[in-house]
Amino acid sequence: MVYNAKSAISPNLPPMDILFGKTAAMHAVRNKIERVAETDVPVLIQGESGTGKEICVQLLHSLSLRSRGSLVKVSCPAIPHSLLETELFGYEKGAFTGAMSTKLGRVEQAHQGTLFLDEVGSLDLNVQSKLLQVLQDGTFVRVGGHESRSIATRLVSAANGDLRTQVEAGSFRLDFLFRINAVTINLPPLRERIADLPVLIDYFIDHYSRIFHHTPELLSKSAVRLMQNYHWPGNIRQLENLIRSYVLIGSEEALVAELMPEQPRGGITTEIDLSEPISLKNITRQATHDLERQIILKVLQANSWNRQKTAKWLQISYRSLLYKLSEAGMPEVPPRPLRVPGTKKTEERQMRPALSTPIPRTRIY
């Protein structure tokens, strides 16, 4: 997610109305963050990739009594297991070959601040055990050292999946889980907060318009409707990347293409979850719905998005076609193509003031 200097909390955070929108689930997240921020209890933030867990960690740190200290992030899966212990706890000079001087670890760097363990589920059991001691009594020993050192830090962890499943599998310590989740904050995926989509779209467009010194045309109603019906597997990160590309390239057609389902090769394919009993009737209905959507899209494109011709080709009424387009969340009008440099609109747009005065925009979402 991008950061905005207009935030009243921190120059590195977006405004609060952008962060939490207007859905009840996000308001509950905001309330929990504000309640626990000024305490030192460990917090576990759970949510799918791209839902904004790191932003919530930054907000927690910014609102905490340790905000003047450092926020030290440890990307657990990015550090090889063989190096993770020395990265976390540091080492003494001569601890191993190549240790020419003493090195402070991330834990020690977070003294009087916040230690953030990202994707904590990837920590091996040995490191979990040593971090457990830090949480219990605030002490640790550098690698190759003998002196016990004391620190005061606030631990915040983030996980993409359910850590209890890892506990059952034996790859995560139950006592460590109890220590890191005195408070658990669950971030909802974007598909469960679609009401917040308009303000997020507007925010990202304005943000990248300032970065690229260019303001694109407003998205059509059909494109926005398609975005509201999309399932967003990559959540807010995916939305941000999509809008950044739209602002930079200016092609609504490319944006729509990114959101349309890929046609399966070699016939109809259906993903089936066999972890529980399935309904053949429901699966068949969904497969038929997906195939119908693909056929309508293909015929629309073949007829240059002429809906009258498309209805005749499909041998259905014009009214039925409009209903099916609306039901499937597909655009009813052709998306705007990529702008060609040198056109009158482009020349007029280039004459507009750059970024000192934002261009007024009328929301159509």
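Above: the structure in question.
These numbers were taken from a predicted model, which means no experiment stands behind them.

A.B. asks: Mind showing me how you'd approach the overall build of the protein here?
C.D. replies: Per the secondary structure count, the protein includes 16 helices and 7 strands. Of the contacts formed within the protein by residues at least 6 apart in sequence, a portion of 72% connects residues at least 24 apart. For the protein, the accessible surface area stands at approximately 19900 Å², while carbon and sulfur atoms represent 51% of it.

A.B. asks: How should the sheet that holds strand 3 (residues 114–118) be read in this particular structure?
C.D. replies: Within a sheet, neighbouring strands are paired by backbone hydrogen bonds and run either parallel or antiparallel to one another. Here 5 strands make up an open sheet; going across it, the order is 2-3-6-1-7 and the pairing parallel. A single partner strand is all that each edge strand has here, and the edge strands are strand 2 (71–75) and strand 7 (183–186). Sheet twist, expressed as the average angle between the axes of neighbouring strands with direction ignored, equals 20°. In this sheet, strand 7 lies alongside strand 1 (residues 43–46) in parallel orientation, the contact comprising 4 bridges. Within the sheet, the bridge partner assigned to Ile 45 lies in strand 7 and is Ile 185.

A.B. asks: How do you make sense of helix 14 (residues 307–314) when you look at a structure like this?
C.D. replies: Every α-helix winds through 3.6 residues per turn, so residues three or four apart in the chain are directed the same way. Near the N-terminus of helix 14, the side chain that reaches the backbone nitrogen of Gln 308, with its oxygen 3.1 Å away, is that of Asn 306. At the C-terminal side of helix 14, Gln 315 shows a positive phi close to 60°.

A.B. asks: How do you make sense of the pattern of salt bridges when you look at a structure like this?
C.D. replies: Side chains carrying opposite charge are able to pair once their charged atoms draw close together. For the coordinates displayed, the defined rule picks out 15 salt bridges. As a salt-bridge pair, Asp 40 and Arg 66 come within 2.8 Å of each other at their nearest N and O atoms. Of this pair, Asp 40 sits in the loop between helix 2 (24–36) and strand 1 while Arg 66 sits in the loop between helix 3 (53–63) and strand 2, and the two are 26 residues apart along the sequence. For Glu 108, the salt bridge goes to Arg 142, with nearest N and O atoms at 2.9 Å. Pair noted here: Glu 108 is in helix 5 (residues 106–109) and Arg 142 is in the loop between strand 4 (139–140) and strand 5 (149–150), with a separation of 34 residues, a long-range link. A single burial state applies to Glu 108 and to Arg 142, both of which are buried. Taken together, the shared-partner salt bridges connect Glu 92, Glu 108, Arg 142, Glu 147 and Arg 149 into one network.

A.B. asks: Sorry if this is basic, but what is going on with the nonpolar core here?
C.D. replies: Across soluble globular proteins, you tend to see nonpolar side chains buried next to one another. Core analysis: the largest hydrophobic core is formed by 33 residues, its most contacted members being Leu 219, Met 227, Trp 232, Leu 239, Ile 243 and Leu 255. Those elements giving two or more residues to this core turn out to be helix 9 (197–212), helix 10 (221–229), helix 11 (235–249), helix 12 (252–259), helix 13 (280–302) and helix 15 (318–328). Per element, the largest residue contribution to this core is 7 residues, and it comes from helix 9. The residues touching Leu 255, leaving out its near neighbours within four places in the chain, are Leu 219, Met 227, Leu 242, Ile 243 and Tyr 246. Formed by 27 residues, the second largest nonpolar core is a distinct cluster that contains Leu 117, Leu 132, Ile 151 and Ile 180.

A.B. asks: When you look at the packing of helix 10 against helix 12 in this model, what are you seeing that I'm missing?
C.D. replies: Angle between the axes and distance between the axes: these two values describe a pair of packed helices. Where helix 10 contacts helix 12, the two axes come as close as 10 Å, and the packing angle between them is 25°. It follows from the interaxial angle that helix 10 and helix 12 lie roughly parallel. Relative to helix 12, helix 10 is oriented so that their crossing is left-handed. Where helix 10 abuts helix 12, its residues Ala 223, Leu 226 and Met 227 lie against Glu 252, Leu 255, Val 256 and Leu 259. By residue class, the composition of the contact of helix 10 with helix 12 is 6 nonpolar, no polar and 1 charged.

A.B. asks: I would appreciate a short explanation of the pairing of strand 1 in the present structure.
C.D. replies: Regular strands have side chains that alternate between both faces of the sheet. Side chains Val 43 and Ile 45 of strand 1 all project onto a buried face; the interleaved residues Leu 44 and Gln 46 project onto the opposite face, where all are buried too. Pairing geometry for strand 1 and strand 6 (residues 154–159), over 4 bridges, is parallel. The residue bridging Leu 44 from the neighbouring strand is Ser 157, located in strand 6.

Conventions and cut-offs
- Residues numbered from 1 in each chain as written.
- Predicted model: local features only at pLDDT ≥ 70, side-chain atom pairs only at ≥ 80, totals over all residues.
- Heavy atoms only, no water.
- Helix = DSSP H or I, 4+ residues; strand = E, 2+ residues; numbered from the N terminus.
- Contact = heavy atoms within 4.5 Å.
- Areas by Shrake-Rupley, 256 points an atom, 1.4 Å probe, with all protein chains shown as cover.
- Pairing = 2+ DSSP bridges.
- Axes fitted to C-alpha atoms, helices over the stretch in contact; angles between N-to-C directions.
- Polar contact = N/O pair within 3.5 Å; in protein donor to acceptor, adjacent residues only side chain to side chain.
- Salt bridge = Lys/Arg side-chain N within 4 Å of Asp/Glu carboxyl O.
- Buried < 20%, exposed > 50% of the residue type's maximum accessible area, 1.4 Å probe, protein only.
- Core = buried A, V, L, I, M, F, W, Y, C linked by side-chain atoms within 4.5 Å.
- Parallel < 35°, antiparallel > 145°, perpendicular 65-115°, else oblique.
- Left-handed = near helix turned anticlockwise from the far one by under 90°.
- Nonpolar A, V, L, I, M, F, W, Y, C, P; charged D, E, K, R; others polar.

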